Amino acid sequence: MPLPVKKIFFLINFILINCYFFSYAQNISLDNHSNFINKENKKIILRISHSGDINSIEHKSIEQFKLSVEKLSNHQMEVKVFAKSQLYNANEEMEALQVGISELAILNFDTIIKSGIKEYELLKLPYLFTDLNKAHYLLDNQIGQKLGKKLNDKNIYLLNYWDQGFKQFSSLNNLDSLENLKDLNVLTNESENSFHQMELLRTNPYYYSDIIKAIKEKKINVVEDTIINLYHNNVFKYYNNLLITSHSYDGSAFVINYAFWQRLNSSQQEIVKNSAQLATQYSRSLTANYEYNIFNWLKKSNKVTIKIISQKDLQFFKKIMIVSHEKQLNNQNKELLLEIYQQLKK
């Protein structure tokens, strides 16, 4: 049976990348198709490629991880960081990690969900978390680790969770209440649950792989996303009516190739774990501060009309989104969701 096109692409990409590294540093070789080992001093190389530029939160956080790993290992471990999708694009991050083109990755929840691990949809349920502290409490403890173990079967090991923020609505026209959303085309995530939630608000949900193109062609009326993503995608230039609802948490998983992880000794694993924890704290702090600064800039600029959801609309929103929770309680995720509810009561 012939190999699928996507598999052939990764095979070719894998060979080309390793040829590049060989020509760049001939004393580096590939060990068991996952990690590079320097022949002279047995230096372990960890690679990560991400879609952000060098000023992005992802890059700055990974740089913190890199500094910590290299210092704690006395430079016997080295982290190579490739910004702006130098090794592969964002849609290929998970498979690239699985096949060993990279050792590390930052996978957003949507990527994980699309890979078949549907339990991560629970984290995006509307108003599951009242604030970031609650989200961190859940993710940093038993539930987060239980979800992380679901990744092991895909040759991925969870290190930590990073924030992307809470989702809001940005519209072409006045959006001072949820009633204004009725019958509008809303750009949301490519998931069954996201579409269901928007339908509960009586909107027409849409998904476009190229958000910039969709915005410029004005195929949509409203964009649902975090403030940071709305800002970075230049959404406010066209959709300058912001409704603050903070209805759905979004995040990502900082992960490592599982086979590579298992080949590290206990001291090396400890170095990676401690460095990942440091990078996580740094990333979360950067995200919170950056979102705060963007919000304040928007208020001062007078270029965006900002409305905060009223208590009446908030109660209505929470009430109709109960259906979204009930849908999860009627499938295989019921026990896990009940456990999440129980943990969040503490």
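Keep in mind that this is a model prediction, so the values were computed, not measured.

As a further point, take the packing of aromatic side chains. Under the criterion given, the structure shown has 13 aromatic pairs. The interplanar angle of 10° and the centroid separation of 5.9 Å between the aromatic rings of Tyr157 and Tyr258 together place this pair among those described as stacked. Highlighted residues: Tyr157 in strand E6 (residues 156-171) and Tyr258 in helix H10 (residues 258-263), separated in sequence by 101 residues. Seen from their ring centres, Tyr157 and Trp261 are 4.5 Å apart, and the 15° between their planes marks the pair as stacked. Here the residue Tyr157 occupies a position in strand E6, and Trp261 occupies one in helix H10, the gap between them amounting to 104 residues. Residue Tyr157 shares its accessibility class with Trp261, and that shared class is buried. Members of the aromatic cluster, each reached through a chain of ring pairs, are Phe109, Tyr120, Phe129, Tyr161, Phe166 and Tyr249.

So, on to the side chain of Gln343. With respect to the secondary-structure elements, Gln343 resides in helix H14 (residues 334-344). Residue contacts for Gln343: discarding those within four places in its chain leaves Tyr137, Leu138, Gln142 and Ile143.

A separate point is the confidence of the model for the protein. Of the residues in the protein, 88% reach a pLDDT of 70 or more, and the chain-wide mean stands at 88. Mean pLDDT in the protein bottoms out at strand E1 (residues 28-31), which sits at 34, and peaks at helix H2 (residues 57-72), which reaches 98. Considering only residues more than four positions removed or in separate chains, one finds that residues 1-12, a stretch of pLDDT under 50, has ten contacts. Contacts of residues 14-35 to residues separated by more than four positions or lying in other chains number 45 contacts, the stretch itself having pLDDT below 50.

This part is about the packing of H2 against helix H11 (residues 266-301). Two numbers describe how H2 lies on H11: the axes approach to 8 Å, and their chain directions differ by 155°. Taken together, the axis directions place H2 and H11 in an arrangement best described as roughly antiparallel. Along this stretch, H2 crosses H11, giving a crossing that reads as right-handed. Across the interface between the two elements, Ile57, Lys60, Ser61, Gln64, Phe65, Ser68, Val69 and Leu72 from H2 touch Ile271, Val272, Asn274, Ser275, Ala276, Leu278, Ala279, Tyr282, Ser283, Leu286, Thr287 and Tyr290 from H11. Of the residues assigned to the contact of H2 with H11, the class counts are twelve nonpolar, seven polar and one charged.

A few words now on the nonpolar core. If you look at the biggest cluster of nonpolar residues, it comprises 31 residues, and the most contacted ones within it are Tyr120, Leu123, Phe129, Leu151, Tyr161, Val255 and Ile340. Contributions of two or more residues to this core are made by helix H3 (93-99), strand E5 (104-108), helix H4 (109-114), helix H5 (132-139), helix H6 (142-149), E6, strand E11 (249-257) and H14. Leu123 has contacts with Phe109, Leu128, Phe129, Leu138, Leu139, Leu147 and Tyr249, leaving out every residue within four places of it along the chain. Among the nonpolar cores identified, the runner-up in size contains 23 residues, and Ile48, Leu104, Leu159 and Phe254 belong to it.

A word on unusual backbone geometry. Residue His75 is not a glycine yet carries a positive backbone phi of 65°. As for its placement among the helices and strands, His75 is situated in the loop between H2 and strand E4 (77-82).

Right, let's talk about the pairing of strand E10 (residues 241-244) for a bit. Because side chains alternate across E10, one face comprises the buried residues Asn241 and Leu243, and the other comprises Leu242 and Ile244, equally buried. As judged from the three bridges shared by E6 and E10, these two strands associate in the antiparallel manner. Of the residues in E10, the one forming a bridge with Phe169 is Leu243. When E10 meets strand E12 (residues 305-308), the two strands line up parallel, connected through four bridges. Bridged to Leu242 within E12 is Ile306.

Conventions we followed
Residues numbered from 1 in each chain as written. Predicted model: local features only at pLDDT ≥ 70, side-chain atom pairs only at ≥ 80, totals over all residues. Heavy atoms only, no water. Phe/Tyr/Trp six-rings, centres within 6.5 Å; stacked < 30°, edge-to-face > 60°. Helix = DSSP H or I, 4+ residues; strand = E, 2+ residues; numbered from the N terminus. Buried < 20%, exposed > 50% of the residue type's maximum accessible area, 1.4 Å probe, protein only. Contact = heavy atoms within 4.5 Å. pLDDT = per-residue confidence, 0-100. Axes fitted to C-alpha atoms, helices over the stretch in contact; angles between N-to-C directions. Parallel < 35°, antiparallel > 145°, perpendicular 65-115°, else oblique. Left-handed = near helix turned anticlockwise from the far one by under 90°. Nonpolar A, V, L, I, M, F, W, Y, C, P; charged D, E, K, R; others polar. Core = buried A, V, L, I, M, F, W, Y, C linked by side-chain atoms within 4.5 Å. Pairing = 2+ DSSP bridges.

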